[in-house]
Amino acid sequence: MLIFINNKNGVPIYDQIYSQIKAQIISGKLSEDAPLPSIRSLAKDLRISVITTKRAYEELEKDGFIYTAPGRGSFVAKKNTQLLREENLRQIEAHLDEVMKLAASCNLGKGDIISMIEMTEVEHKPPHSGYFS
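Report follows, based on the coordinates. (Residues numbered from 1 in each chain as written. Predicted model: local features only at pLDDT ≥ 70, side-chain atom pairs only at ≥ 80, totals over all residues. Heavy atoms only, no water.)

Assignment of secondary structure puts Glu 87 in helix α4 (residues 81-105). Along the primary structure Glu 87 and Phe 65 are separated by 22 residues, whereas in three dimensions their C-alpha atoms are 11 Å apart. Leaving out residues up to four positions away in the same chain, Glu 87 has contacts with Lys 22 and Ile 26. (Helix = DSSP H or I, 4+ residues; strand = E, 2+ residues; numbered from the N terminus. Contact = heavy atoms within 4.5 Å.)

Structural data, given as structure tokens:
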């Protein structure tokens, strides 16, 4: 498991850990029931506080991405398809917010954006995919 900490981007370190582990779980790089490094070992490897690492793990557990077995450690939770769907929807909404801001700065209307989506759909649609149909 690779985690990179950027001390210059203004994002709290626990949030960087949380986001990177979550992304690896969602992408499948970390599989179900895969063990995570202990809180102490990850803190030592990243040269950060144990408290910071503990907070990231607590947030991941609270959001259903990992579980902790007392005396055994933390592990990747079973993929909850509804949870993953909600996460993907949240990301799509965030991207759409950005699209709307960019469109407004260029005086593009809803029709222009829909046309762009339709053109992109043709370029990226795998055969028999069913999305946007």
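Core analysis: the biggest nonpolar cluster contains 19 residues, and Ile 17, Ile 21, Ile 25, Phe 65 and Ile 66 have the highest contact counts within it. Where this core is concerned, the elements lending two or more residues are α1 (13-27), α2 (39-46) and α3 (50-62). At four residues, α1 tops the list of elements feeding residues into this core. Residue contacts for Phe 65: discarding those within four places in its chain leaves Tyr 18, Lys 22, Ile 25, Ile 26, Leu 60, Phe 75, Val 76, Ala 77, Leu 83 and Leu 84. (Core = buried A, V, L, I, M, F, W, Y, C linked by side-chain atoms within 4.5 Å. Buried < 20%, exposed > 50% of the residue type's maximum accessible area, 1.4 Å probe, protein only.)

Contact geometry for α2 and α3: axes closest at 8 Å, N-to-C directions at 120°. Between α2 and α3, the angle falls in the class oblique. α2 and α3 meet at a crossing whose hand is right-handed. Counting all contacts with α2, which are made through Ile 39, Arg 40, Leu 42 and Ala 43, the residues of α3 involved are Val 50, Thr 53, Lys 54 and Tyr 57. Residues of the contact of α2 with α3, tallied by class, amount to five nonpolar, one polar and two charged. (Axes fitted to C-alpha atoms, helices over the stretch in contact; angles between N-to-C directions. Parallel < 35°, antiparallel > 145°, perpendicular 65-115°, else oblique. Left-handed = near helix turned anticlockwise from the far one by under 90°. Nonpolar A, V, L, I, M, F, W, Y, C, P; charged D, E, K, R; others polar.)

Geometric values such as these leave the question of function open.
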